[in-house]
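Structural features, examined
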Amino acid sequence: MKSDTVFKYVLHLIAVIILALLSLIFITLFVNSLPSIKSLGLKFFISTRWNPVKGEFGALPFLVGTLITSFLALIISTPFSLSIAVFLSEYFKRGALSSVIRSGVELLSGIPSVIYGFWGLFVLVPVIRNLELKLHVPPYGVGIFTASLLLAIMIIPYSASIIREVMKLVPADLKEAAYSLGATRFEVLKGVVIPYSKSGITAGLILALGRALGETMAVTMVIGNANVLPTSIFAPSNTMASIIANEFSEAVDSIYLSSLVELGLLLIVVSAAINIISRWVIKRTSKV
Amino acid sequence: MESRVLEIKDFSMYYGDTKAVDNISMDVYKNKVTAIMGPSGCGKTTLLRSINRMHELVADTRTTGEIRLYDTEIHSISPIVLRRKIGMVFQRPNPFPTMSIYDNVIAGYKLNGIRLKRADRDIIVEDSLKKAALWEEVKDKLHRKGTFLSGGQQQRLCVARALAMKPEILLLDEPTSALDPKATTKIESLIEELKIYVTMVLVTHNMSQAARVSDYTAFLFLGELVEYGQTQKMFTTPEDKRTEEYLTGKFG
């Protein structure tokens, strides 16, 4: 056989293995959550009560907790990611300052999430507690807002580096055209660079959102682990990932364990759904 | 006597330590087409880009000497203001892909944040597209994206975009080098027609194009201005031996 053909088959095989892995994970989760699906049915998704002792398993608080923390983190991180990307791709492309910032941002993504959790507990939580005292809300320190802030810091490197790459792809002759019409650097950025890289920017932000949805350790440490529907953004809460991490080791009876697995399944479905929706959005907006 | 729009005097330009344009002096006359020709790397594009200070977008450039637009030394005013007075058309057509044809024409105003009344905008768009000989082809699809146009149409759209700012001078940087012969002919006859509205400086590596469309021609070689004068005269009785050799295809 020609080496070309062999290479092609190897590639096919690898692709199939990846697909098989994905389906197997899905199937495993599904099979293991069958007991909970059968006994709880739709109640699992609409009930707000989670009380394993009484056999009550409602996933809604965690679904809400996950979505709120992730989207809040996305909103907080976006101005920073955009600014970093603009700074590195348009204003300071070369030089010491640029490479220090670039590697600094990249380093952020390499910090283990448990370290973020520690830092959050020791630094962020007291700061937020002070803020809460000033705002006259219950000063938990831990809670949704703290988790979102921490998540925002954690996802900045991902969106910032993707946005920087797409901004670098804006053709130089388009920028020159704008400059030749008398545009300033800011006007070129606003009128040419950002519109041109709009779909890439969206893609970068969505990727960051995906990271936030599934982030477990750091969130578990600072979110307060309250299994109730959150009443304010300063309230302690739990995400799907954090409750699994928290309670997996103590889930002794089969329904308890099975409903935690079903939470995992729900997390995958939510992440996939957001991914698919955003792909569709990107496709719609990138039609030039 | 021709009236002078641009006066280039003892002008040199350096990239780092490399001298790209060497002590050039020449005048550009109103409502005429001035061609700058010469072999690749002779500094013709660099000279052109110095006129609207586009070279400043590249780091580490330095200039000496003067360029005057009427009585204003161009380095004494903001490049932003200067570039509104001196428009530019590039080698490759570069309409903004995110904008409609209409918005492309008006892009200079939009980018600069100049607000115009709807009616004024409509007039500028129609007028500029007519001058660029594109109006008839696009008048029914003004609000579609400009990217589906042919290369030649896109280049004329870029001409319209530059004309919309009502510039004193239009710089053309090898505007037909990415176009097919038919589109090239169209751009060349457009240049002829535009003379009544605007002064043009055309960089070309194609000497027959310089002969066809220009009134004055400058021949640059190794950053130096070898010869400058009326096109007809230069192409029939060149003064410098190097010009003659270039025109007869001995080098370049």
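Located above this text is the structure these notes cover.
The rules behind the values
- Residues numbered from 1 in each chain as written.
- Chains lettered and ligands numbered in written order.
- Predicted model: local features only at pLDDT ≥ 70, side-chain atom pairs only at ≥ 80, totals over all residues.
- Heavy atoms only, no water.
- Helix = DSSP H or I, 4+ residues; strand = E, 2+ residues; numbered from the N terminus.
- Contact = heavy atoms within 4.5 Å.
- Areas by Shrake-Rupley, 256 points an atom, 1.4 Å probe, with all protein chains shown as cover.
- Lys, Arg positive; Asp, Glu negative; His and termini not counted.
- Charge placed at Lys NZ, Arg CZ, Asp CG, Glu CD.
- Rg over C-alpha atoms; globule rule 2.2 N^0.38 Å.
- Buried < 20%, exposed > 50% of the residue type's maximum accessible area, 1.4 Å probe, protein only.
- Buried area = accessible area lost by both parts, 1.4 Å probe.
- Salt bridge = Lys/Arg side-chain N within 4 Å of Asp/Glu carboxyl O.
- Polar contact = N/O pair within 3.5 Å; in protein donor to acceptor, adjacent residues only side chain to side chain.
- 1 Å grid on protein atoms, 1.4 Å probe; cavity = no way out; pocket = protein on both sides within 12 Å on 5 of 7 lines; lining within 4 Å.
- Points joined across faces, edges and corners; volume = space filled by probe spheres on them.
- Phe/Tyr/Trp six-rings, centres within 6.5 Å; stacked < 30°, edge-to-face > 60°.
- Pairing = 2+ DSSP bridges.
- Core = buried A, V, L, I, M, F, W, Y, C linked by side-chain atoms within 4.5 Å.
- Axes fitted to C-alpha atoms, helices over the stretch in contact; angles between N-to-C directions.
- Parallel < 35°, antiparallel > 145°, perpendicular 65-115°, else oblique.
- Left-handed = near helix turned anticlockwise from the far one by under 90°.
- Nonpolar A, V, L, I, M, F, W, Y, C, P; charged D, E, K, R; others polar.

**Quick word on the overall build of chain A**
The helix and strand inventory of chain A stands at 12 helices and two strands. When the helices and strands of chain A are listed from N to C terminus, the series reads α-α-β-β-α-α-α-α-α-α-α-α-α-α. Once local pairs closer than 6 in sequence are excluded, the contacts in chain A between residues at least 24 apart make up 72%. Counting every atom, chain A has about 15000 Å² of accessible surface; 72% of that belongs to carbon and sulfur. Chain A carries 22 positive and 14 negative side-chain charges, and their two centres are separated by 6 Å.

**Considerations on the overall build of chain B**
When helices and strands are tallied, chain B shows 11 helices and 10 strands. Computed over its C-alpha atoms, the radius of gyration of chain B comes to 18 Å, within 12% of the 18 Å expected for a compact globule of 252 residues. Based on the C-alpha atoms only, the size of chain B along its principal axes is roughly 55 × 40 × 35 Å. Counting across all 252 residues of chain B, residues that qualify as buried make up 53%. Restricting to contacts in chain B with at least 6 residues of sequence separation, those with at least 24 account for 68%. Total accessible area on chain B stands at roughly 11200 Å², and carbon and sulfur atoms take up 48% of it. If the 36 positive side-chain charges of chain B are averaged to one point and the 33 negative ones to another, these points end up 7 Å apart.

**Some points on the interface of chain A and chain B**
Between chain A and chain B, the contact holds 18 residues from the first and 26 residues from the second. Here chain A meets chain B over a buried area of about 1800 Å², counting both sides, of which 66% is carbon and sulfur. Scanning the region where chain A abuts chain B turns up one salt bridge. Of the charged contacts in the structure, one is a salt bridge between Glu176(A) and Arg49(B), with a shortest N-O distance of 2.7 Å. For the interface between chain A and chain B, the tally reads three residue pairs in polar contact (both at pLDDT 80 or more).

**Focus: the pattern of salt bridges**
All names here are of chain A. Going through the model one piece at a time under the given rule, you end up with 23 salt bridges over all chains. With a shortest N-O distance of 3.6 Å, Glu106 and Arg164 are connected by a salt bridge. Remark: Arg164 occurs in helix H6 (residues 144-168) and Glu106 occurs in helix H4 (residues 96-108); sequence separation between them is 58 residues. Overall, the relative accessible area of 42% leaves Glu106 in the partly exposed class. A relative accessible area of 8% means that Arg164 is categorised as buried.

**Notes on the environment of Arg121(B)**
Within the element layout of this structure, Arg121(B) appears in helix H5 (residues 118-131). With residues near it in sequence (within four places) discarded, Arg121(B) still touches Tyr102(B), Ile106(B) and Leu116(B).

**Observations regarding unusual backbone geometry**
Residues and elements named next belong to chain B. Located in the positive-phi region is Asn31, a residue other than glycine, with phi close to 55°. Secondary-structure assignment places Asn31 in the loop between strand E2 (18-29) and strand E3 (33-37). The phi torsion at Glu174 lies on the positive side, around 40°, for a residue other than glycine. As for its position among the elements, Glu174 is in the loop between strand E7 (169-173) and helix H8 (181-194).

**Considerations on the layout of surface pockets**
In this structure, the largest pocket encloses a volume near 540 Å³. Lining the largest pocket are 18 residues, and of these Glu90(A), Lys93(A), Tyr179(A), Leu57(B) and Val58(B) sit closest to its centre. For the lining of the largest pocket, the element with the most residues is helix H7 (residues 172-180) of chain A, which contributes four residues.

**Points about the packing of aromatic side chains**
Residues and elements named next belong to chain A. Summed over the entire model, instances satisfying the criterion amount to 11 aromatic pairs over all chains. With 4.8 Å between their ring centres and 25° between their planes, Phe87 and Phe92 make a pair best called stacked. Looking at Phe87, the relative accessible area reads 25%, which means it is partly exposed. Through a chain of ring-to-ring contacts, the aromatic side chains of Trp50, Phe57, Phe62 and Tyr256 assemble into a single cluster.

**Things to note about the pairing of strand E10 (residues 224-230) of chain B**
Residue and element names in this part refer to chain B. Pairing geometry for strand E9 (residues 216-221) and E10, over six bridges, is antiparallel. Counted as the bridge partner of Phe221 is Glu224 from E10. Hairpin geometry of E9 and E10 is characterised by an intervening segment of two residues between the two adjacent antiparallel strands and by a positive phi of about 50° at Leu222.

**Some points on the environment of Arg242(B)**
All names here are of chain B. Along the chain, Arg242 turns up in helix H11 (residues 241-247). We classify Arg242 as partly exposed; its relative accessible area is 30%. For the pair Arg242 and Val226, spaced 16 residues apart in sequence, the C-alpha separation works out to 7.6 Å.

**Quick word on the nonpolar core**
By size, the foremost hydrophobic cluster in this structure holds 106 residues, and its most contacted members are Leu263(A), Ile8(B), Leu47(B), Phe96(B), Leu129(B) and Leu170(B). For this core, the element with the most residues is helix H12 (residues 254-285) of chain A, which contributes seven residues. When sequence neighbours within four positions are dropped, the list of residues in contact with Leu170(B) reads Gly87(B), Met88(B), Val89(B), Val159(B), Ala162(B), Leu163(B), Val198(B), Thr199(B), Met200(B) and Val201(B). Ranked by size, the runner-up nonpolar core spans 18 residues in total, among them Leu124(A), Val142(A), Ile155(A) and Ile223(A).

**Overview of the packing of helix H1 (residues 3-40) of chain A against H12(A)**
Residues and elements named next belong to chain A. Relative to each other, H1 and H12 sit at 125°, their axes nearing to 7 Å. Put simply, H1 runs oblique to H12. Here H1 and H12 pass one another in a crossing that is left-handed. Across the interface between the two elements, Ile25, Phe26, Leu29, Phe30, Asn32, Ser33, Leu34, Pro35, Ser36, Ile37, Ser39 and Leu40 from H1 touch Ile255, Ser258, Ser259, Val261, Glu262, Gly264, Leu265, Ile268 and Val269 from H12. When its residues are assigned to classes, the contact of H1 with H12 shows 13 nonpolar, seven polar and one charged.

**Side note on the side chain of Ser36(A)**
Structurally, Ser36(A) can be placed in helix H1. Overall, the relative accessible area of 0% leaves Ser36(A) in the buried class.

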